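Chain by chain, the residues run as shown.
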Amino acid sequence: MRAMRFGRFGGPEVLEEADVPDPLAGPGESVVQVEAAGVNFGDIKQIAGEHTDGPYAPQGPLPRIPGMEVVGRTAAGQRVLGYVPQGGYAAKTVVADRHLVPLPPGLGAGEALAVLLQGLTAWHLLRSVARIRPGESVVVHAAAGGTGSLLVQLAREFGAGRIIATASTDEKRALALELGADAAIDGDAAGYRERVLDANRGHPVDIVLDAVGGPVLDAALDTLGHLGRLVTYGVSSRQTASAIAPSRLAVDSITVAGFWVIPLIVRSGAGGAELAELLDLTAQRRLRPLVGAEYDLARARDAHEDLLGRRTKGKLILRP
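In this text, all values refer to a predicted model and were calculated from it rather than measured experimentally.

Draft legend 1. Spatial organisation of the side chain of Thr 74. Structurally, the position occupied by Thr 74 is in strand S4 (residues 69-74). In contact with Thr 74, other than residues within four places in its own chain, are Val 31, Val 80 and Leu 100.

Written as structure tokens, this is what we have:
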């Protein structure tokens, strides 16, 4: 079958198309004929050799096939959404039955893929970690991306009082406003505090959801008010944030937390009430997952380069 794989760690250039044997399912598993595979920063980390140790790291020798989420059909013809630790960038993949979720009729592959890893991330960032309360102000970094665009919409759904989006271009900021943000600003670290406070009518904010890291995270800490919460869930800047002194947090009772969706899925399975809620909101058109560019599987390198270059909006998908 057709697949994209990597035989050494590195950047997008290490991905190569290959003809590989069809996978075989074991007990409690199903072979899925892949209709589309989602592209995530986690895939970039896989091929870069990051997260190679620990219980949640992909296993096995190189070469490996990356890709953590697929939409496709089982041998019985059921259309499903599925999580895999690796192996999604292929015409077929094996998915543990506990990680397979039947899809509602009429749901597009890109929409479904958007609400698995990125949708669950957005849900838990707001509900489980930041514990949003009605009327609170929320700052969403990279608000035109796959997770950010869902965060803007879910923050509105969950009762946020004021939503401030950051994005790198006028076009992306306009999109964030269209999705429900009250204000959209440049997310660059220089002048960040002043722009955020101005967008929040001169007041500190309650919640900041950060996938950028580095100097942007440093600047975001200075915008939080009493009992404010900053949640980090990615470092797309690939820059290191400054160390945080506990005394800095104590003055205003600030919380800094982190979140990664993969351990949660591994422990609990891909399905559950949270994903059911996201799929239901999407089917009702109350949630609009953004589907960005589609690439032929052989162009997986291009997809990774575009994601790294911040040239994308919404969910990127590969078509085998």
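Still more ground to cover, so stick around.
Draft legend 2. Main features of helix H4 (residues 146-157). Its 12 residues give H4 an end-to-end C-alpha distance of 17 Å, which sits within 8% of 16 Å, the value for a rise of 1.5 Å per residue. Summarising burial for H4: 10 of the 12 residues are buried, a large majority. Of all the residues in H4, the buried ones are Gly 146, Thr 147, Gly 148, Ser 149, Leu 150, Leu 151, Val 152, Gln 153, Leu 154 and Ala 155. Remark: Gly 159 follows H4 within two positions and exhibits a positive phi of approximately 95 degrees.

Draft legend 3. Layout of helix H5 (residues 170-179). Listing the buried residues of H5 in full gives Lys 172, Arg 173, Leu 175, Ala 176 and Leu 179. Angularly, the buried residues of H5 cover 155 degrees about the axis, an arc narrow enough to put them on a single face. Residues of H5 that are exposed and point over 90 degrees away from its buried face: Asp 170, Glu 171 and Glu 178. Looking at the buried positions of H5, the neighbouring elements they touch are H4, strand S9 (162-167) and strand S10 (183-186). Remark: Gly 180 follows H5 within two positions and exhibits a positive phi of approximately 130 degrees.

Draft legend 4. Seen up close, the pairing of strand S5 (residues 79-83). Across the 5 residues of S5, 5 count as buried, placing the element largely inside the fold. Of the two faces of S5, the one carrying Arg 79, Leu 81 and Tyr 83 and the one carrying Val 80 and Gly 82 are both buried. Bridge count between S4 and S5: 5 bridges; the pairing is antiparallel. Counted as the bridge partner of Gly 72 is Val 80 from S5. Linking two consecutive strands that pair antiparallel, namely S4 and S5, is a turn of 4 residues; a positive phi of about 90 degrees is found at Gly 77 within it. For S5 and strand S7 (residues 100-102), the ladder comprises 3 bridges, and the chain directions are antiparallel. Each bridged residue has a counterpart across the sheet, and for Gly 82 the counterpart in S7 is Leu 100.

Draft legend 5. Quick peek at the pattern of salt bridges. Taken as a whole and assessed by the stated rule, the structure comprises 18 salt bridges. Note that Asp 22 and Lys 92 form a salt bridge whose closest N and O atoms lie 3.0 Å from each other. One end of the pair, Asp 22, is in the loop between strand S2 (15-19) and strand S3 (29-39); the other, Lys 92, is in strand S6 (residues 92-96), and 70 residues separate them in sequence. Asp 22 sits in the partly exposed class, given a relative accessible area of 40%. Of the charged contacts in the structure, one is a salt bridge between Glu 136 and Arg 229, with a shortest N-O distance of 2.7 Å. With Glu 136 in the loop between helix H3 (117-129) and strand S8 (137-140) and Arg 229 in strand S12 (residues 224-232), the pair connects residues that are 93 residues apart, well separated along the chain. Both residues of the pair, Glu 136 and Arg 229, belong to the buried class. Shared partners join several salt bridges into a network, and the residues in it are Glu 35, Arg 79, Glu 294 and Arg 319.

The rules we used
- Residues numbered from 1 in each chain as written.
- Predicted model: local features only at pLDDT ≥ 70, side-chain atom pairs only at ≥ 80, totals over all residues.
- Heavy atoms only, no water.
- Helix = DSSP H or I, 4+ residues; strand = E, 2+ residues; numbered from the N terminus.
- Contact = heavy atoms within 4.5 Å.
- Expected span 1.5 Å × (residues − 1).
- Buried < 20%, exposed > 50% of the residue type's maximum accessible area, 1.4 Å probe, protein only.
- Arc of directions from axis to C-beta.
- Pairing = 2+ DSSP bridges.
- Salt bridge = Lys/Arg side-chain N within 4 Å of Asp/Glu carboxyl O.

Such coordinate-based values are descriptive only and should not be taken to indicate function.
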